[in-house]
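Read off the chains here:
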Amino acid sequence: MSETEISTGEALLAKKDKTTTVIFYIIIIFFACLLMISLFFTHNIVDGESMQNTLQNEQFVILQRAGYSLKRGQIVTVGNIPNHKEPLIKRVIALGGDRVLFMRSKDGRYVDLYMCKSDEALFVPVDEPYIKERMLSGGYYEKVRIINYIAEISSIDIYSDDPADAEMRNYILNNALTVPKGEFFYLGDNRNNSSDSRVYGTSPRSDILGKVIKIIEQNSTANKILSFLYK
């Protein structure tokens, strides 16, 4: 065998070794990326109608599992629920230190949600464009109290020393639910068909399994792929 043939063979072997090494590192990087994605993101399937009209039964959602701060209005999955093997998907309404109040409408048929945030002094109605329909007064309210309609509630300072407001102020505060520090209060968007903090009470931050960052449309390609893989 000539020196030229030997040199050519060695070059081919070196090139093959280099290609093998590159492929090896690509595979390592690929699986490392998969591991990182699995640590920070996952999916869940909506079970039931409690989040209508925002989420539908058997709809897929993508969850961020870590690296986020909890805010009012976010949709999350909540674990460690009594008598529930699967986590619940609900909306965060109030955080630690907030006060939540349920008040009947003037005609007594409905219940409206009011909140006094931890750094504020007044109860104001919670703007909830996402709910399916207004809460009925005969819904689930095991862990919270409902007060009768108070027209001037949004003008009563809970920290005021005015004796004229003392009786009303005490009535409101005694019937409001104060969310403990480090916990949160959650509700379903379908208020008249949802078991949530009105039944189970508040939950600690550690019970949140993830925050919904993407809702998969039911007729989308992504939904078809996820349905094939996980249903």
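As shown above, the structure is provided for reference.
Fair warning: this is a prediction, and the values are worked out from it, not measured in the lab.

Enquirer: Please explain unusual backbone geometry as it appears in this structure.
Expert: What is expected of a backbone is that most residues other than glycine have negative phi and most peptide bonds are trans. Cis geometry is adopted by the peptide bond preceding Asn 53, which originates at Gln 52 and carries an omega value of 5°. Structurally, the position occupied by Asn 53 is in the loop between β1 (41-45) and β2 (60-64). A positive phi angle, close to 60°, is found at Asn 80, a residue other than glycine. Counting through the fold element by element, Asn 80 comes out in the loop between β3 (75-78) and β4 (88-95). The class for Asn 80 is exposed, based on a relative accessible area of 66%.

Enquirer: Looking at this structure, I do not really get the nonpolar core. What am I missing?
Expert: Note on soluble globular proteins: their nonpolar side chains tend to be buried together. The biggest cluster of nonpolar side chains holds 15 residues, and the ones touching the most others in it are Val 100, Phe 102, Leu 113, Tyr 141 and Phe 185. Apart from the residues lying within four places of it in its own chain, the contact partners of Phe 102 are Val 111, Asp 112, Leu 113, Met 135, Tyr 141, Val 144, Arg 145, Ile 146, Ile 147, Phe 185, Leu 187 and Arg 198. Ile 150, Ile 158, Ile 172 and Ala 176 belong to the second-largest nonpolar core, a separate cluster that totals 12 residues.

Enquirer: I tried to follow the pairing of β2 on my own but got confused; where do I start?
Expert: The side chains of a regular strand alternate, residue by residue, between the two faces of the sheet. With respect to burial, β2 is a largely interior element, 4 of its 5 residues being buried. Two elements, β1 and β2, share 5 bridges in a ladder whose sense is antiparallel. When the bridges of β2 are listed, His 43 appears paired with Ile 62. Sheet analysis places β2 next to strand β13 (residues 208-215), joined by 4 bridges and oriented antiparallel. Its bridge partner lying in β13, Val 61 is registered against Ile 215.

Enquirer: It is not clear to me how the packing of aromatic side chains should be interpreted in this structure. Could you clarify?
Expert: Pairs of aromatic rings are described using the distance from one ring centre to the other and the angle between the two planes. Summed over all chains, the structure comprises 3 aromatic pairs. Here the aromatic rings of Phe 102 and Tyr 141 are separated by 5.7 Å at their centres, their planes lie at 70°, and the arrangement is edge-to-face. Placement of Phe 102 in strand β5 (residues 99-104) and of Tyr 141 in the loop between β8 (135-136) and β9 (146-147) is noted, with a sequence separation of 39 residues between them. Here Phe 102 and Tyr 141 have matching classes, each one buried. Considering the side-chain rings of Phe 102 and Phe 185, the 6.2 Å spacing of their centres and the 55° angle between planes classify their relative orientation as tilted. Here Phe 102 is found in strand β5, whereas its partner Phe 185 is found in strand β11 (residues 183-187), with 83 residues between them in sequence. With relative accessibility at 1%, the residue Phe 102 sits in the buried group. With a relative accessible area of 0%, Phe 185 lands in the buried category. An aromatic cluster is defined as three or more aromatic residues linked by ring pairs; in this entry it consists of Phe 102, Tyr 141 and Phe 185.

Definitions and cut-offs
- Residues numbered from 1 in each chain as written.
- Predicted model: local features only at pLDDT ≥ 70, side-chain atom pairs only at ≥ 80, totals over all residues.
- Heavy atoms only, no water.
- Helix = DSSP H or I, 4+ residues; strand = E, 2+ residues; numbered from the N terminus.
- Buried < 20%, exposed > 50% of the residue type's maximum accessible area, 1.4 Å probe, protein only.
- Core = buried A, V, L, I, M, F, W, Y, C linked by side-chain atoms within 4.5 Å.
- Contact = heavy atoms within 4.5 Å.
- Pairing = 2+ DSSP bridges.
- Phe/Tyr/Trp six-rings, centres within 6.5 Å; stacked < 30°, edge-to-face > 60°.

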